[in-house]
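# Results of the structural survey
As a plain string of letters, each chain reads:
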Number of protein chains: 2
Amino acid sequence: MAVGAQTDHVDVLIVGAGPAGLMMATWLAKCGVKTRIVDKRGTKVFNGQADGLQCRTLEIFDSFGFAHRAWIESNHMLEISLWNPDEKGVLRRSSRIPDTIPGISRFQQVVLHQGRIERFFLDAINEFSEGKVSVERGVIPTSLEIDEKTVEDPEAYPITVNLRHLSEEEARPKQTATSVNGTVIQDGLFRSNLSPDDTAEMIKAAELNQKADTVEIVKAKYMLGADGAHSWVRKELGFKLEGESTDYIWGVLDIVPITDFPDIRMRCAIHSANSGSVMVIPRENKLVRLYIQLTTTEKIGDQDSRADRSWITPDVILESAQRIMAPYKLSYRKLDWWTAYQIGQRVGSSFSAHERVFLAGDAVHTHSPKAGQGMNVSMQDSFNLGWKIATVVKGLANRSILKTYESERKGIAKALIDFDHKFSRLFSGRPAKDIMDEEGISMDKFKEAFEKGNMFASGIAVDYGRSNIVSKPDPDNEASKAAKLQALASEVKLGMRIPSVKVLNQSDARPWHLQELLRSNGTWRVIVFPGNIDLEGQKKRMNSLCDKLSGPSSFLKRFTPPSARYDSVIEVLTVHAAKRQDHEIFDFPEVLRPYDEVDGWDYNKIFADDQSYHEGYGRLYETFGISPDQGCVVILRPDQYVSYIGELDDYESLDGFFSGFLIPQGETKEPKA
Amino acid sequence: MAVGAQTDHVDVLIVGAGPAGLMMATWLAKCGVKTRIVDKRGTKVFNGQADGLQCRTLEIFDSFGFAHRAWIESNHMLEISLWNPDEKGVLRRSSRIPDTIPGISRFQQVVLHQGRIERFFLDAINEFSEGKVSVERGVIPTSLEIDEKTVEDPEAYPITVNLRHLSEEEARPKQTATSVNGTVIQDGLFRSNLSPDDTAEMIKAAELNQKADTVEIVKAKYMLGADGAHSWVRKELGFKLEGESTDYIWGVLDIVPITDFPDIRMRCAIHSANSGSVMVIPRENKLVRLYIQLTTTEKIGDQDSRADRSWITPDVILESAQRIMAPYKLSYRKLDWWTAYQIGQRVGSSFSAHERVFLAGDAVHTHSPKAGQGMNVSMQDSFNLGWKIATVVKGLANRSILKTYESERKGIAKALIDFDHKFSRLFSGRPAKDIMDEEGISMDKFKEAFEKGNMFASGIAVDYGRSNIVSKPDPDNEASKAAKLQALASEVKLGMRIPSVKVLNQSDARPWHLQELLRSNGTWRVIVFPGNIDLEGQKKRMNSLCDKLSGPSSFLKRFTPPSARYDSVIEVLTVHAAKRQDHEIFDFPEVLRPYDEVDGWDYNKIFADDQSYHEGYGRLYETFGISPDQGCVVILRPDQYVSYIGELDDYESLDGFFSGFLIPQGETKEPKA
């Protein structure tokens, strides 16, 4: 430990300011947690790099308020074309499928380069933290110690990290080094009209030298290693990535294409008869990305470790693409970025040490970029983790919920690797000439895999297992109970994110997508679905629930700090199935529309499943499989995943669920675990 | 003229940086015209003031790329409630109507305070001009001279204006002076999270003193007086506002209400039996605006000029509202802004001097704010004018098109005054007790007027008359021709803005609202509707048109400067009615998808009227009343208004239309007029 160095105390230290680290910082800024985020690079990325955004990722962005920025700037991918040799060996479009399965989300998959996505995060972090949190660039950790004796003490800072501030030269990103023979491609994107707000970043980079070579000590309660495939944090923890490297070498070209290929603005999977495969990803600003398999016969060098890539140039990649796409012509005048890679498919052995130091993103899973999954899964790692740490740091929940990070995300990482493995093999193989050609890949099977993969690739299929925050009954012991509770809202799946349709605000008739009400701010939601409140029985059951919710020992009061707003820990929302115009908010118990002596009644808690004037009819009860004659109550986690489904008036089960991990406030703050 | 003062030459000088002036500057920045914009106030407004945004205004904002900012931040008004005394004199909701007529626009009326709207303009101006144009605050013009000998010379700068830079104290806005007895209401809004980007403005205001009391001379080709109801420019020109003042005094309160009135988040018109009327306008940030008629019996002072308003306080206004809204309770803890006004309804005698100096906004029409029209009509004044001046300044069109500013906007201003007059009278009157009560206002008539007024208030109903840029045949002499051409696209009305539905990009299947393709950039559009191109006849007619469009003397080439991009003066868009998947862009003549040697073919010109995967089916041909067996060609002005409708293959009429006012390029630039 450096002598005389300054010591700083933070709740959370984040290492790495790529998408996974930035997502974490966004959560913590939003929840008001004291955070620092450091990155060894001197500037953020300005072009190239991963760039697909899943529907689920856009839903998450929207929950932080910036999905519209990605939606406006990105290229939207609507259709996938599959091109294969016909029986004469001539390239033909064999089929078209929608890129995003219709109906699964209000967003569709889009493409935008990583630099812009990082910009949205940086702006959000700045706004949420009121300027208090910003990425410290040109900073690397040099030592990590964990005091194992205090890891279970909620008040302790068991983590000690030394940070060194680099000089500007040390911190300069070596982006073009991704190509070993190093043709430097002019990066014009950061000067385009899409990125006017990066100027400040560039200036900041030049200021690094002021702190160069100083060292400081940070004591942290929690830490996230989001520092990429070569993660320093992972190595310090002694964790391994398990899995294997593939033989395939891929080239990537980002160009403005000049071509008579008719589907160049579609996402295409092109299999040639004998020259390999190309994946076409149309991008923003007229760019198109080509992923080209450089056939193994061209491969040189050591096959056991990294292959020699010095023979790979943009021309080599282009010529390969031209062979695959013949007889169509392909050339370009503008090259934006290019690279080549040979990637392993690996998953981390462990995702956390003592639930104090966590790993996310490429630090715990690496795979091929073609499926456009890496950045999404990485961001979703820390989207899963951020609110959990925030809730624990704020003393609202006990540490037991932190175990769910590994139990939930490790399975996703494994599924990603399986998907990538299968998909890469199908994509890289030679198309079968006919049904007897067993070594070739069946193009029907490829299409089938592509369609199935689409559901996985949307991010919507994520299904978290049973835990103290996902109240799935044990299917072995409680099969009938599981079926009964799930049947109350048959299309709202326990462990999955809640679907979304439009509902109308009872007070002003404005249509909102249900998910738009579920902003990421760390709050749990109890959604009361009272059904048709014109039915006397339903109204009675709703009132009976509300009597208990408004009682002095209700979980709403018990788990909310006395000085905090009524909806800061658990927010109650209501969506009823009667006609909006037949009711007013004063028809509902006050606990569903709380009173504030400055702001009056809360007009943003009660909604109707009814026809809107301009934006259709969500038909929520029908879509969610909830009977208006029965209703139900759903608990959502702060990340929109479904924790619990229960009977409308079963207050006790709600109370029992929250009592499993929330800490009573205004009393001793001992964790219950 | 000051001795030794500096002289600057600009294409356009704008006086006044309210919404009308800013809209003008936005156009000119977008079109690359050399512009200065000055305002006597030291800062922009931060709260209070006009705040309704019509659907048409949002369409216009979207054409400049910032409608989404207003849409996200604003309060959306969906429903209007009408409240009247029932037969026992008790206040009841008598009916509900949609606030925006369903189907007339993809936007609905919203409310957001003027400070934010000005912010969107300032950001757009900065972006479009790459920082070259910004509002110069604390600057007032002190003299105006027009050299009448050179007003018809396109190269001349006939306008000379002296500008004086004020000291910070002189330039400070006196916003609270709207209440004579001057209770200063704390304005917290500019510190809210909605306005983080105003800090720079505040700092800039403090820097005014550096230039204080310097004078400079500006020579301009054109000038806009957008300097409000007390317009200095108008007075210099010697123009009058014609019309009269009303007796009604209105109070305005912006509060966070605490009330048991159930419709406080709806737009409401409340008529009490004997205590007057309230209009309720729900706003952003929990605010509600109340417009309250302060009954004439309470009026004191000189009735012929301005009434004495010194007795009006927030308490007086609130008590009035409480009487009107009884038996409902109303109070507040937060007051954001308040004012009182007695307004005249007046229209300017002339809208321009020599088509060199123009007036827009409150400088040429004043009226009551209740209908939420003032700011919208003001912005639409300069939206009408901006592209015309830009086109003339750039030497693309002759000066004749400038005459259409007054011919088009004066009628709108008069219609606004008529609407306001009628609406105010109905709103201010006492409700009729029964059918025999002839002095009272019939509530059925009020509802009818409200519903009719809604179409006017949307801004969609604007219908410009026949001119050299609106090719309406003379109905007296050419009735049959008029009917025949209009019938080719029966729902696309000559002189009105083109409606919008979704169409699919032929190249990538992405759905776009047609209007989203019609960005405000100064470009004329020829939209080719070839109909169903699977029909041999339709394809032939399309090809025949395209042969002429691509000819060496085509109007596309003749009116475009040799060095300019192919679509910079006139852009050709195509929307066909065949199935998208049955065609590729290479099925269409190249003039419909122009080739560029760097960017390849243009993928953003050809669209299909077909079913989308995720966003429905626009059914454009059906909605627009165009037969797929016949097709047509439509010419749109740069402001989306319909200039011309003609037969699909009638190239000559298209050429004739443009030849009426565009100037051939690459030749002598003499105006043709």
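What counts and what doesn't
- Residues numbered from 1 in each chain as written.
- Chains lettered and ligands numbered in written order.
- Predicted model: local features only at pLDDT ≥ 70, side-chain atom pairs only at ≥ 80, totals over all residues.
- Heavy atoms only, no water.
- UniProt positions renumbered as here; feature names shortened; annotations may be inferred.
- Domains from an automatic or database assignment.
- Contact = heavy atoms within 4.5 Å.
- Buried area = accessible area lost by both parts, 1.4 Å probe.
- Salt bridge = Lys/Arg side-chain N within 4 Å of Asp/Glu carboxyl O.
- Polar contact = N/O pair within 3.5 Å; in protein donor to acceptor, adjacent residues only side chain to side chain.
- Helix = DSSP H or I, 4+ residues; strand = E, 2+ residues; numbered from the N terminus.
- Least-squares fit on C-alpha atoms with pLDDT ≥ 70 in both.
- Buried < 20%, exposed > 50% of the residue type's maximum accessible area, 1.4 Å probe, protein only.
- Core = buried A, V, L, I, M, F, W, Y, C linked by side-chain atoms within 4.5 Å.
- Pairing = 2+ DSSP bridges.

As recorded in an unreviewed UniProt entry, chain A goes by Phenol 2-monooxygenase and comes from Fusarium falciforme. We quote the UniProt Sequence similarities (unreviewed entry) comment for chain A here in full: "Belongs to the PheA/TfdB FAD monooxygenase family."

## Notes on the domain arrangement of chain A
The accessible area lost on association of the parts is a frequent measure of interface size. Residue and element names in this part refer to chain A. Domain annotation of chain A identifies domain 1 (7-211 + 220-458) and domain 2 (481-659). With 18 residues of domain 1 at the contact, the number on the domain 2 side is 19 residues. Summed over both partners, the interface of domain 1 with domain 2 buries about 1500 Å², with 50% contributed by carbon and sulfur atoms. Scanning the region where domain 1 abuts domain 2 turns up two salt bridges. One salt bridge connects Arg 637 with Glu 408, and the closest N-O pair in it is separated by 2.6 Å. Linking domain 1 to domain 2 there are 11 residue pairs in polar contact (both at pLDDT 80 or more). Elements supplying a minimum of two residues to the side of domain 1 that touches domain 2: helix H1 (19-30), helix H2 (55-64) and helix H9 (374-393). Here the side of domain 1 that touches domain 2 takes five residues from H2, the largest share from any one element.

## A word on the relation of the copies chain B and chain A
The transformation that overlays chain B on chain A combines an axial shift of 0.0 Å with a rotation of 180 degrees, and the residual RMSD is 0.0 Å. Expressed as an axis order, the relation between the two copies is that of a two-fold axis. For chain B, the minimum C-alpha distance to the rotation axis belongs to His68(B) and amounts to 4.1 Å. Comparing contact sets, 100% of the residues at the interface of chain B also lie at the interface in chain A, consistent with an isologous, same-surface contact.

## Quick word on the pattern of salt bridges
Inspection of every chain in the model, using the stated rule, returns 88 salt bridges over all chains. The partner of Glu284(A) in a salt bridge is Arg283(A), with the nearest N and O atoms 3.3 Å apart. Assigned by exposure class, Glu284(A) and Arg283(A) land together as buried. Its salt-bridge partner being Arg267(B), residue Asp99(B) comes within 2.9 Å of it at the nearest N-O pair. Of this pair, Asp99(B) sits in the loop between strand S6 (91-98) and strand S7 (110-111) while Arg267(B) sits in strand S14 (residues 267-271), placing them 168 residues apart in sequence. Exposure class is identical for Asp99(B) and Arg267(B). Each is buried. One connected set of salt bridges, linked through shared partners, spans Arg525(A), Arg565(A), Asp567(A), Glu571(A), Asp602(A) and Lys605(A).

## What to know about the nonpolar core
Across soluble globular proteins, you tend to see nonpolar side chains buried next to one another. Ile270(A), Phe61(B), Phe555(B) and Phe658(B) are the most contacted members of the largest nonpolar core, which has 141 residues in total. Those residues in contact with Phe658(B) that lie beyond four places of it in its chain are Trp524(B), Val526(B), Phe555(B), Phe559(B), Ile570(B) and Ile635(B). Counting 140 residues, the second-largest nonpolar core is a separate cluster that includes Ile117(A), Tyr603(A), Phe657(A) and Ile317(B).

## What to know about the pairing of strand S14 (residues 267-271) of chain A
Residue and element names in this part refer to chain A. The buried fraction of S14 is high, at five of five residues. Going residue by residue along S14, you find Arg 267, Ala 269 and His 271 tucked away on one face and Cys 268 and Ile 270 tucked away on the opposite face as well. One ladder, built from four bridges, connects strand S5 (residues 79-85) with S14; its direction is parallel. Looking at the pairing, Leu 82 lines up with Ala 269 of S14. Note: S14 against strand S15 (residues 277-282), four bridges, orientation antiparallel. Counterpart to Cys 268 in the pairing with S15 is Val 280.

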